[in-house]
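One-letter residues, chain by chain:
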Amino acid sequence: MTNTDTMIKVDHITKQFGKLKALNDVSLEVKKGEIVCLIGPSGSGKSTLIRAINGLEVPESGHIYFEGELYDAKNKKKYAAQRGKMGFVFQHFNLFPNMTVLENLTIAQTRVLKRSDQEAKDMAMKYLKRVGLDDKASQYPNKLSGGQKQRVAIARSLCMNPEIMLFDEPTSALDPEMVEEVLEVMQDLGKEGMTMIIVTHEMGFARTVADRVIFLEDGQIVEENSAEAFFDHPSSDRAKLFLSKVM
Ligand code: ADP
Ligand code: MG
C-alpha cells in the first residue's frame, strides 16, 4: 500500500463546499521525520487540506492513510487511535480560559489517556519547560501574551505524545514581535525529529525549516519541491507570482 516510512498519504482527495471545490484531486505523502510547509494564497485550500488530514473535514472522494493504514471515521476504534497520534495547533490557540496553564495541559492526559494526576503533571511540566514556560503553570491564559499562549498550545499538544504535528498558520494571529518565539519552538521540534505539516505565510521560516514545500492554488497542488528549489527557482508562473508578492 505505502512505504513503511510514509506517515501520511493523501490519495486523490476532493472536498467541496457547495459548488466550490476547496480541494480538487489532491495527493501527497509525508514521510516520518519530514517537515512539509503548505503555502499558497488565501482561499487556496491549505486549511481544508490540513483539516482533512486530521479528520476535521471529510472529503467526498479519495482516501487518507496514516502509517500505511486507512484513516476512516467509520472504523471508530482505529480512527480514534490514529487521530490521537496527530497534534493540531490552530491559529487561535483554543486554550480553555477557565483553567490554569497546567490544567490545560493535564485535562486530556487524564481524561483521554487515563494518566494519573501525577504522571500528567510531570508530562505537562516537562513540555512547559521545553517551550520555556514552566514558570507560568499556575497562570490563567488571559495573563499570557499571544506568543506564550501559542507555546502553551504547542506544549499541550506534545503532552499527548503525537507522532505528527499539524500547524495551521500558528503565528498569523500574533503581534510581529511574538512570531519568532513560536517559530523557534517549532524549529526545535523539527530538529528533534518531529514530523510536521505546517501551513504558514512565514516564508523565511519555511525556507529554513521545510524539507519540502507544497504550493496550492484553487484547491490543487501546483508545485511541490524542496524548499531551496521552490524559493530559488519556482517552476510555475503561479508560484513565481505569489512569491513576488510575499517576499
Ligand atoms: P486557505 O486556508 O488556503 O485560506 P481554505 O481551505 O480555508 O483556504 O478555503 C478554501 C476554499 O474553501 C475557500 O474558497 C473558502 O472560502 C472555502 N471554504 C472553506 N471552508 C468552508 C466552509 N466551511 N464552508 C464553505 N466554504 C468553505
Ligand atoms: Mg487557512
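Predicted model only: the values in this text are computed from it and were never measured. (Residues numbered from 1 in each chain as written. Chains lettered and ligands numbered in written order. Predicted model: local features only at pLDDT ≥ 70, side-chain atom pairs only at ≥ 80, totals over all residues. Heavy atoms only, no water.)

Colleague: Help me out: how do you make sense of the sheet that holds strand S1 (residues 6-17) in this one?
Modeller: Pairing between sheet strands relies on hydrogen bonds along the backbone, with the strands arranged either parallel or antiparallel. The strand order S2-S1-S4-S5 describes an open sheet built from four strands, whose pairing is antiparallel. Two strands lie at the open edges of the sheet, namely strand S2 (20-31) and strand S5 (69-70), each paired on one side alone. Here S1 runs beside S2; their pairing, made up of eight bridges, is antiparallel. Opposite Phe17, over in S2, you have Leu20 as the bridge partner. Packing against the sheet, helix H1 (residues 46-54) makes contact with S1, S2 and strand S4 (61-66), and its axis sits at approximately 120° to S1. (Pairing = 2+ DSSP bridges. Helix = DSSP H or I, 4+ residues; strand = E, 2+ residues; numbered from the N terminus. Contact = heavy atoms within 4.5 Å. Axes fitted to C-alpha atoms, helices over the stretch in contact; angles between N-to-C directions.)

Colleague: Would you mind showing me how to read helix H6 (residues 176-191) here?
Modeller: Given 3.6 residues to a turn, an α-helix orients residues that are three or four positions apart in the same direction. Its 16 residues give H6 an end-to-end C-alpha distance of 24 Å, which sits within 8% of 22 Å, the value for a rise of 1.5 Å per residue. In the core, the buried residues of H6 are packed alongside strand S3 (35-39), helix H5 (146-158), strand S7 (164-168), strand S8 (195-199) and helix H7 (203-209). (Expected span 1.5 Å × (residues − 1).)

Colleague: What should I look at first to understand the side chain of Glu57 in this one?
Modeller: Relative to the elements of secondary structure, Glu57 occurs in the loop between H1 and S4. One polar contact links Glu57 to Arg51, side chain to side chain, over a distance of 3.1 Å. When sequence neighbours within four positions are dropped, the list of residues in contact with Glu57 reads Lys15, Phe17, Thr48, Arg51 and Ala52. (Polar contact = N/O pair within 3.5 Å; in protein donor to acceptor, adjacent residues only side chain to side chain.)

Colleague: Explanation requested: the packing of aromatic side chains in the structure shown.
Modeller: Aromatic ring pairs are described here by two measures, namely the spacing of the ring centres and the angle between the planes. Here the structure, examined in full by the defined rule, presents five aromatic pairs. An angle of 25° between the planes, with centres 4.4 Å apart, marks the rings of Phe88 and Phe90 as stacked. Classification of Phe90 as partly exposed rests on a relative accessible area of 26%. Plain terms: the ring middles of Phe215 and Phe230 are 5.9 Å apart, the flat faces sit at 35° to each other, and that makes the pair tilted. Here Phe230 lies in helix H8 (residues 227-232) and Phe215 lies in strand S9 (residues 212-217), a separation of 15 residues in the sequence. With a relative accessible area of 0%, Phe230 lands in the buried category. (Phe/Tyr/Trp six-rings, centres within 6.5 Å; stacked < 30°, edge-to-face > 60°. Buried < 20%, exposed > 50% of the residue type's maximum accessible area, 1.4 Å probe, protein only.)

Colleague: Just checking my understanding: could you explain the site of ligand 1 for this structure?
Modeller: The immediate surroundings of ligand 1 are formed by Phe17, Leu20, Ala22, Pro41, Ser42, Gly43, Ser44, Gly45, Lys46, Ser47 and Thr48. The separation between an oxygen atom of ligand 1 and a polar side-chain atom of Lys46 is 2.8 Å. Relative to its unbound accessible area of 560 Å², ligand 1 is 58% covered by the protein chains. Mapped by element, the contributors of at least two residues to the shell around ligand 1 are S2 and H1. (Near = heavy atom within 4 Å. Areas by Shrake-Rupley, 256 points an atom, 1.4 Å probe, with all protein chains shown as cover.)

Colleague: Sorry if this is basic, but what is going on with the pattern of salt bridges here?
Modeller: Side-chain pairing between opposite charges can occur once the charged atoms of the two side chains come close. Overall, the coordinates contain 15 salt bridges when judged by the stated rule. With a closest N to O distance of 2.8 Å, Glu34 and Arg212 form a salt bridge. Here Arg212 lies in strand S9 and Glu34 lies in the loop between S2 and S3, a separation of 178 residues in the sequence. Here Glu34 falls in the buried class, since its relative accessible area comes to 14%. With a relative accessible area of 15%, Arg212 lands in the buried category. For Asp72, the salt bridge is made with Lys74, and the minimal N-O distance between the two is 3.9 Å. (Salt bridge = Lys/Arg side-chain N within 4 Å of Asp/Glu carboxyl O.)

Colleague: What exactly am I supposed to notice about the environment of Ala153 here?
Modeller: When you line up the elements, Ala153 lands in helix H5. Setting aside chain neighbours within four positions, we find Ala153 in contact with Val89, Phe93 and Leu95.

Colleague: Sorry if this is basic, but what is going on with the nonpolar core here?
Modeller: For soluble globular proteins, the rule of thumb is that nonpolar side chains tend to be buried together. Residues Ile39, Ile154, Phe167 and Phe231 are the most contacted members of the largest nonpolar core, which totals 49 residues. With seven residues, the single largest contributor to this core is H6. The residues touching Ile154, leaving out its near neighbours within four places in the chain, are Val89, Met165, Phe167, Val182, Val185, Met186 and Leu189. (Core = buried A, V, L, I, M, F, W, Y, C linked by side-chain atoms within 4.5 Å.)

None of the figures reported here should be taken as evidence of function without further support.
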